[in-house]
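# Structure assessment
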Amino acid sequence: MSAPDARPDGPLTLRVGGSTRDELRTALHAAGVQLNAYAETLLDHPVFDPRDAEVVDILERDLADLELVGGGTLPEVFDAARAHGLELCPPDTGPYLRLAMSWQENAPDSVLSAGRSPAGALKVAAAPLSDDVEYPKGFYLRVVDGRPWLRGYRCDDEYRYSSGDRFAFRVGG
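Residue indices follow the written sequence of each chain, beginning from 1 at its first position. pLDDT decides what is reported in this predicted model: residues at 70 or higher carry local features, side-chain atom pairs at 80 or more are listed and counted, and totals for whole chains, interfaces and linings draw on all residues regardless. The side-chain values count all of the structure's non-hydrogen atoms but skip hydrogen atoms and water molecules.

This paragraph deals with the pattern of salt bridges. Pairing between side chains of opposite charge can happen when their charged atoms approach one another. Salt bridge criterion: a side-chain nitrogen from Lys or Arg within 4 Å of a carboxyl oxygen from Asp or Glu. Taken as a whole and assessed by the stated rule, the structure comprises 12 salt bridges. As a salt-bridge pair, Glu60 and Arg166 come within 3.1 Å of each other at their nearest N and O atoms. Here Glu60 is found in strand 3 (residues 54-62), whereas its partner Arg166 is found in strand 8 (residues 166-171), with 106 residues between them in sequence. Type-normalised accessible area, obtained with a 1.4 Å probe on protein chains alone, sets the label of each residue: buried when under 20%, exposed when over 50%, and partly exposed for intermediate values. Look at Glu60 and you get buried, because its relative accessible area is 15%. Relative accessible area serves as the criterion here: at 26%, Arg166 is assigned to the partly exposed category. Helix and strand labels come from DSSP, where a helix needs a run of H or I of at least four residues and a strand needs a run of E of at least two; each type is numbered from the N terminus.

Spelled out as structure tokens, the structure:
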């Protein structure tokens, strides 16, 4: 689970899977990654049971890049990504991406929870693990006051992300 030293110019090649839940938590802790309760809930999901590792290429895009200049709901974001040849990440990508992204810049504010998509957050585009709106939909990565975070988030299918919100997608598959 080694991390590149700088932001890649193109897709980031990442190894996803192959670690146990405890190994992931240990690696996150050793890297100083903070978790919120929603991230802990997601890490307890069976999708984090051990599985063979796979190599995925990850690309960041904001909604304007996907021609969603007025923003969009999560289903709209996923549809627009597919129309641009991008795919959803494996559902367990979040912790592996957090460990790899040592270059992520500090967020422009320190607000951790405000009922909106936080500034400077990179959402991991993956299929939700539950249809229950009370269950976290996925992970986002953020650096606040120099500390890396892996946070889970909740939203319903009506919540609209802004055109500047950034998501990490899988390239190819």
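This paragraph deals with the environment of Ala127. Mapped onto the elements of the fold, Ala127 is located in the loop between strand 5 (122-124) and strand 6 (138-144). On the basis of relative accessibility, which here comes to 41%, the residue Ala127 falls in the partly exposed class. Distance in space between the C-alpha atoms of Ala127 and Asp57 is 17 Å, their sequence separation being 70 residues.

Time to look at helix 4 (residues 93-100). Of all 8 residues that make up helix 4, 8 are buried, and the element is covered over most of its length. Along helix 4, the residues that are buried comprise Thr93, Gly94, Pro95, Tyr96, Leu97, Arg98, Leu99 and Ala100.

On to the nonpolar core, then. Leu14, Ile58, Leu97, Phe139 and Leu141 are the most contacted members of the largest nonpolar core, which has 28 residues in total. Of all the secondary structure elements, the ones that give two or more residues to this core are strand 1 (12-16), helix 1 (21-30), helix 2 (37-43), strand 3, helix 4, strand 5 and strand 6. A total of 4 residues in this core trace back to one element, the largest contributor, which is helix 4. Residue contacts are defined here by distance: any two heavy atoms, one from each residue, within 4.5 Å place the two residues in contact. When neighbours within four sequence positions are excluded, Ile58 is seen to be in contact with Pro11, Leu12, Leu14, Cys89, Thr93, Leu97, Ala168, Phe169, Arg170 and Val171. Each nonpolar core is a collection of buried residues, namely Ala, Val, Leu, Ile, Met, Phe, Trp, Tyr and Cys, held together in the definition by side-chain atoms within 4.5 Å. One finds Leu68, Ala80, Cys155 and Phe169 within the second-largest nonpolar core, a separate group that totals 19 residues.

No statement about biological role is implied by the geometric values presented.
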